[in-house]
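Report on the structure
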Amino acid sequence: MSAHRIMFWQIEYTWLFYLLSAIAVLLFLIGAGSHIWVWKKNSKSMSLKGVGHALNKMCIDIITGRRLIRGDMAAGLMHFLIFWGFFLLFIGTCVLVAHEHLFEFLEGARYLWFSVLMEIGGISLLVGIIWGLVRRYLQRVPRLERRAEDAILPLWFVLMVLSGFFLEGARLAANSPQWADWSFVGNWIAGLIPAAAAERLYPSFWWVHALLCLGFISVVCYSKMFHILSAPASIFFSSASPVLPPSIEDETGRLDVAEAVFYDGCMRCGRCVAACPSSGAGEAYAPRDFVQWARKQMWQTQFPLNDIRLWNRGDYEGTNESMWYCTTCRACLEVCPVYGAAFEAVAKERRQAVEKGTLVPTILNQTLEKLFRYDNPWESSKKQRGAWAEGLDIADLTKRGAVTDLCYFVGCTTSFDDRARSIAHSFTKILQLTGVNFGILGKKEPCCGDIARRVGEFGLFEEQKEKCKTLFDQYGITEIATSSPHCYHTLANDYPDSSFRARHYTMVLKELLKNKKLSFEKPLNVTVTYHDPCYLGRHNRIFNEPRDVIRAIPGLRLVEMEHSRENSLCCGGGGGRMWQDLKGERKMSEVRLEEAEATGAQILITACPMCLIMMEDARKAAGTREGFRVMDLNELLLEALENK
Amino acid sequence: MTELNIIICVKQIPDPEAPLSDVSIDAENLEVVVDAPQVISPFDENALEAAIQLKEELDGKVTVLSMGKKLSDSVLRKALAAGADELILLEDNGFEKLDSHSTATVLAAAIKKIGSFDLVLAGRQAGDWDSGQVGLILGEMLGLPCISLAREITVEDGSVIVKKTVPEGYERVKAKLPALITVSNEVGELRYISRTRMLKMMRGGDIPAWTAEEIGVSDDAIEKMNIASLTTPPDMTRDCQFLEGSPDQQAAALVDVFVSLR
Amino acid sequence: MKEVLILGEVKDASLDPRILELLGAGKKLTEASGDKLSVLLMGDRVEDVAEAAASYGPDSVYKIEHPLLERFNADLWLAALEQACAEIKPSILLMSHSFIGMELGPRLAYRLDSRLTTDCIDLTIDSEDGRLLGTKPVSGGNAICVFKCAGQTQMVTVRGNVFPPAESGNAGGAIASINVTIDKSMSRLESLEIVEEDTVALDKANVVISGGAGLGDEDGFEMLEELAEALGKSFGSVMVGCSRMAVDKGWMSSDHQIGLTGTIIAPDIYVAVGISGAIQHLVGMVHSKKIIAINTDPSCNIFKVADYGIVEDFEQVVPALIKRLEEVL
Ligand SMILES: Cc1cc2nc3c(=O)[nH]c(=O)nc-3n(C[C@H](O)[C@H](O)[C@H](O)COP(=O)(O)OP(=O)(O)OC[C@H]3O[C@@H](n4cnc5c(N)ncnc54)[C@H](O)[C@@H]3O)c2cc1C
Ligand code: SF4
Ligand code: SF4
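Residues numbered from 1 in each chain as written. Chains lettered and ligands numbered in written order. Predicted model: local features only at pLDDT ≥ 70, side-chain atom pairs only at ≥ 80, totals over all residues. Heavy atoms only, no water.

1. Things to note about the overall build of chain C
A tally of regular secondary structure across chain C gives 9 helices and 18 strands. Referenced to the eigenvectors of the C-alpha coordinate spread, the extents of chain C come out at roughly 60 × 50 × 35 Å. Sorting the 329 residues of chain C into buried and exposed places 57% on the buried side. Within chain C, counting contacts between residues at least 6 apart in sequence, those at least 24 apart form 61% of the total. The centroid of the 28 positive side-chain charges in chain C is displaced by 7 Å from the centroid of its 49 negative side-chain charges. (Helix = DSSP H or I, 4+ residues; strand = E, 2+ residues; numbered from the N terminus. Buried < 20%, exposed > 50% of the residue type's maximum accessible area, 1.4 Å probe, protein only. Contact = heavy atoms within 4.5 Å. Lys, Arg positive; Asp, Glu negative; His and termini not counted. Charge placed at Lys NZ, Arg CZ, Asp CG, Glu CD.)

Spelled out as C-alpha cells, the structure:
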C-alpha cells in the first residue's frame, strides 16, 4: 500500500462539519465584502495605472517580505516564518480538499513530500508565532502594543498548530503506518500517546482542530488578521492609485481608495511609531494611533453596523489635538509595510478642522491670519521683506528693466528671521562670486503657501499659489532657486502646470560645482555632519547634491549621523509645527542635535531655514560641546571660499 | 426658553498689530494713518465668538451691526462666515470719527429699528481709540442691565449668567434678559475662518446698509470726537539711545530714565 | 465756584494709592484755576478713609454711607454717584482708570449727559475756553491724542502710575455727608459668587523685566527679582519675564515666557536683559510703551526696537542699577 491519508477517519457527523465550514466561509465572505463596500463607499472614483508594476511590487513584497526585513531584521524574519508557515498549511489544506473532492492524487511519494512540507509549515508557524509573542510580551519591543487581539490571535494560532500536531500524532499512533517517519513531528507526538487511547482520542482532537480552524476563518475579516488581504491590497493600491494631493474641490473627509485600503491594512505594527520624530520625542502622538482612529472614523461614518472589528474597536480617542503634532516629515511612509502615509490622514483631518475653524489652535489661527494679510507668517507688514538685501547690489526683478537668468525665491522665514537671513546673505554672495546673473522679488515676494498647505488651509494655499504664479508670469520668471526645501517642494510639486522650473539652492550649487564655477582653494580642516531636511531628502530624494558640494571642500571630513538620508530625523519645524505650542518630553531638535554631536563633528550643516533655526535654538538651549556650530550649507561654503 | 436673539456690535479698524513703522500721523487732519489692512477689532471678534457659541448651543439668531463712514464688505462678511446670520451696515457720510456717545446713539437707533432682542454684545474696547465706552453707554441708552468684561457667558431660563473679570479674580453675576454685555478676550479667540468659507460668503447676497436717515438719527444727535491735537509719540521710530560710560554711570543714566518714566 | 471732584476708591480699608495720584492731578488743575478740589467716598462706613483723604488737603471730602454700598455694585454705586453729582454739580470729575472707573465712567457720563475721556496720561486746561483737555495714547500707543472734554461735568478716567501721588498736606478739608436714596431693586445684577484668582499675569504688569540666555544661570534671575523689587516701590506691578531660552534651560517656568509661544504683552516699560531679540520674542513685546535693553552685543536685534540701550555685561550694570534705584527712588 502506498503512503496516503485516510480522510474523515472515524469521524461522524461529517455533514455538521460541512455545515460549519459553510458558515465560516460565509462569515469570511461577508466580512471581506463589507471591507470592500466600505472602501468603495469612502473613496472617490479611482483610476488604476501601472497595474502590472503594482502587482509585481505587491507579489515580491509579500513573497520575500523584503520591506519587513529591511526595516527590522528580527521582526522581518519572524514574519517570514509565520507567513510561510501559514501559507504552506493553507495551501496544504486546499490541496487536501482538492484531493478529497476532485481527484485523488496524494499518494506515494507525493504524499510523503506533502507530509514533510506540512510538518515544516507547522513548525515554522509555531516558531514564528512564539517568537512574536516573546518579542511582544517578554522583550516588550517598544513599538508593539499589547491589546486583546494581540494575545488572542497568536494563541489561537498556537492552539491550531498544536491541535493539528496532536491530531496527526493520534492518527499515527493508532494506525502506525510504515511511512510515519516522514511526519517527524507527528510521529514524535505519536510516541507519547498509547495506541489504545489514540484511537479513542482521535475524533475529539479532530473536532477541536476543525473548530479552531473554522473559527479562525470566521474572524479573519473582523480582526487585525484581515491584513492578510488588506496589506497586499494596500501595497497594490498605493502604487496603482496613489494618494493624490488633496485639492480644494474635494469634498472634505473624502478619501482616496489607497487611503481607505491603507486604514484597513494597518496591522498596528508600530514601525511608524518607531520612526516618527514626534513619538520619539515623547509627544502625545503616534501615527499608528492616528491611522487607527481614522480607520474607526471611516467605519463609523460609513458602515451601518459601526466598527467591524471585534476587539480594539473604539479605544483611540482624542485626535483633536493630536492631528497638530505631525511635522509631515514622511518618515512613517518610509517604513510602513503597506506604504501608508499617516501624514496624509493627518492632512485630511486638518483640512476639516480648518474648515470648521473651532479646532484650530490659537497661534496657528493667528499665523494663518497674518499669512493671509501680509504674505508671511512672521511680521504684520510686507515692507521689511526685502530689507535683508539692502545695500547688497542685488537686482530686484519687480523693478523696471531688471532681467536675470535666475530668480532667487527667498521665502518667508529666510526673509524675516534674524538667524535665517544669513542664508540669504551667504547664498547671494556665492552667486555673486560665481558670476550668476540673478535677482530677487524684494518686498513683492509672496509666501509660496507651504504652511497653509501643510496645515490644511487649502483655500489660502490656492490664493498664495495664484499670487506667486501671477507674479512669476508678470516678470517672465522661468528659473527659480529657493532657500527653503519647503518652498522648493511646494513650487515643484504642488503647482501643477507651472511655467517655471524650481530648484532648491543645493541643486544650483551642485550645478555650479559641476560647471567648475564653484571651487575651493584652501583646505578647511573641519569635521562636519549633514542633516537631511525632510522636504529635501525624503520628500524629494535630494540626498547626494548637498553631500557632493560639502565633499568638494578640500580637507573637510563629512561624517554621517545614526539617522541619515531617508532615515533622517526631523528637526520638528515642518508641517506648521513652527507655529504650534505643543510639547513632549523632549524637543525633536534636541534629539537630533545629540545625534549630530555624537558623530564627533564640529559643525552640523543644514540646508533649510527652519532646520537652521530649530537646531540653533536647540544648540543654545541644550548647551553643546564648546565650539560646536550649527550652520547652513551656504555659510560653510562661504567660509571655505573666503578662506584665503 | 425659545430661541436666543443676539445683536452684536463690531467695529472695523486698521490692523492693530501693524508694526510701528507702518503707522504715521496726519496731524493736520487729526488722523492716524495706518498702512495696514482693515480688520474687525479684536475684542469684537471675541464677542462674535461668544455670540456664535451661544447660538450654537441654544439656537437663535446672531445679527451683526457695524457703523462707519465707509465699511468694507470683505472685512465684515467674516462675521457671517463665522456663523452670524445677518450683517447690517450702518453707513453714512456723517458716521465718521464719532465720539463714543454718538456711536452708541447710532447703534441704539439701529437696534430699536431691529426691534426684539435678548442680548446685545460688544467688545470691551476698540483696538484703535481704546476708549471702552460704547458698549456701556449703549446699555444705558437701551435701559438694559449692563455687564462688563465678560469672560464666559451662559444663558438659562431667561437669564444670563456671566463670569466677569474683577480685581480679585472673577465674579459670577446673573441678570434677566435682555441685557448688554461687553466681552473681554478671555471668552476665546474667534474661530478660524478658512479662505474657502470666506470666499463663499463673499459671493453671498447683498448686505443691507442703513443710513442715518433710515434709522432716524438726525445730524444734531451726533457729534464728532473733539480732538484738540494728535501727535506722534516722541519715541515712534525707536531710535535706540545708548547710555554710555562705566557701568555705574550707565546705571545712573538709566535710573534717570526710570524717574522720567514714572 | 467750580469744583473738581475725585471719585475715591477704598482698598484694604484704606485709600487706594491710585487716588493719591488723582489728588496729585487734581491739585495741579485746581492750583492753576483756583477751583475747589474735593473727594467723594462711598461705602458702608468710610469715616476713617474720609479722614485719611482729608489729610491730603482737598477742600472738602464727601462721604456717602449706606449698607448697600458695602461692596462695589455698579448699579447701586452708579445711582448713588448720579445723585451725588446732581447735588455737588462738579465741573470736572476725575476717576481712576480702574475696574470701577472703567465700569462707572461711561454709564455715568450718559446719565449726566456728559462726555468722558478714558485712560488719560495728562490733564491740562485749555487756556482759551477753560475746558479740560485729556491726553490719551491711541492706536496701541502709536499716537498721542488730546481730547477736549465736553458737557457740564467734564469727565476723565486717569491711567495709573502716571501722575505723582499727592503728598499729605495741611488737613482741614471739611467732611460732609451726602444722603442718597438707593434700594436693592436698583441693582439689576445678582452676584452669585466671587472667585479669587492668582493674578500674577504678565499682561497685567506695568513693568516687566525679562531675562534671556545671556543671564547664564538661575542666579541671574535672582538679580532680576531684586531689580523688580527695587522698581516695584514706585512702579506698581513689576514682574519678571523671560525668553524661551530661559524656559528651555529650566531657569524659569513657562508661564513667564514672552513671545510667540508665550504671553504677548505691552507693559509701560519692558526691560530686556541678555535677550538677543529673535523675532519670536519680539512679537510678544514690541508694543511695549518703552523698551530698555541691556546686552553685551551692540549689534543684536533687541537694540533696534529699544528706546534705551546699555551695551554692557548685565552682571556689572544690574547691581549698580539696583543700588542706585534704592538711593534715588
Ligand atoms: C517656533 C518657535 C517659537 C518660539 N517662540 C518663542 C517665544 O515665544 N518667546 C521667545 O522668547 N522665544 C521664542 N523662540 C525662540 C527664539 O527664536 C530665540 O531662540 C529666543 O528668543 C532667544 O532667546 P534669548 O534671546 O534669551 O537667547 P540668545 O539668542 O542666546 O541671546 C542671548 C543674548 O544675551 C546676550 N548676552 C550674553 N551674555 C550677556 C551678558 N553677560 N550680559 C548681557 N547680555 C549678554 C548675548 O549677546 C545675546 O544677545 C521661538 C523659537 C521658535 C523656533
Ligand atoms: S510624517 Fe513624520 S511626524 Fe508625521 S506621522 Fe509621519 S513620521 Fe510622524
Ligand atoms: S501605519 Fe503602517 S507602519 Fe504604522 S502601524 Fe500601521 S501598518 Fe504599521
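2. Points about the nonpolar core
In terms of nonpolar packing, the biggest core is built from 185 residues, with Leu509(A) and Leu636(A) touching the most fellow members. Broken down by element, the residue count for this core peaks at 11 residues, all from helix α6 (residues 148-175) of chain A. With 43 residues, the next largest nonpolar core counts Ile52(B), Ala84(B), Leu87(B) and Ile153(B) among its residues. (Core = buried A, V, L, I, M, F, W, Y, C linked by side-chain atoms within 4.5 Å.)

3. What to know about the interface of chain C and chain A
Contact with chain C, which involves 10 residues of that partner, is made by 16 residues of chain A. Across the chain C/chain A interface, buried area totals approximately 1,200 Å², and carbon plus sulfur atoms make up 55% of it. Applying the counting rule to chain C against chain A returns 1 salt bridge. When the shortest N-O distance is used, the salt bridge between Asp617(A) and Arg244(C) registers 2.8 Å. Inspection of the chain C/chain A interface yields 1 residue pair in polar contact (both at pLDDT 80 or more). Among the elements of the structure, α6 (244-248) and α7 (279-282) of chain C are those that each provide at least two residues to the side of chain C that touches chain A. (Buried area = accessible area lost by both parts, 1.4 Å probe. Salt bridge = Lys/Arg side-chain N within 4 Å of Asp/Glu carboxyl O. Polar contact = N/O pair within 3.5 Å; in protein donor to acceptor, adjacent residues only side chain to side chain.)

4. What about the sheet that holds strand β14 (residues 207-211) of chain C?
In a beta sheet, neighbouring strands pair by backbone hydrogen bonds and run either parallel or antiparallel. The strand order across the open sheet built from 6 strands is β15(B)-β18(C)-β17(C)-β16(C)-β14(C)-β15(C), with neighbouring strands paired in parallel fashion. A strand with exactly one partner marks an edge of an open sheet, and here the two such strands are β15 (241-242) of chain B together with β15 (238-242) of chain C. Against the sheet, helix α6 (residues 247-261) of chain B touches β16 (269-273), β17 (290-295) and β18 (308-311) of chain C, its axis set at about 165 degrees to β17(C). (Pairing = 2+ DSSP bridges. Axes fitted to C-alpha atoms, helices over the stretch in contact; angles between N-to-C directions.)

5. Digging into the confidence of the model for chain C
Model confidence for chain C is summarised by a mean pLDDT of 89, while 96% of its residues fall at 70 or above. If you check the scores for this complex, the pTM reads 0.86 and the ipTM reads 0.89. (pLDDT = per-residue confidence, 0-100.)

6. Observations concerning the interface of chain B and chain C
Interfaces are often described in size by the accessible area the parts lose on coming together. Contacts between chain B and chain C engage 70 residues on the former and 72 residues on the latter. With both chains or domains summed, chain B and chain C bury close to 6,400 Å², and 58% of this area falls on carbon and sulfur atoms. If you look at where chain B meets chain C, you find 8 salt bridges. Residue Arg172(B) is joined to Glu193(C) by a salt bridge in which the shortest nitrogen-to-oxygen separation is 2.7 Å. In this assembly, chain B and chain C are joined by 24 residue pairs in polar contact (both at pLDDT 80 or more). Every element with two or more residues in the side of chain B that touches chain C is listed here: β3 (23-26), α4 (134-142), β9 (146-156), β10 (159-166), β11 (169-176), β14 (227-231), β15 and α6 of chain B.

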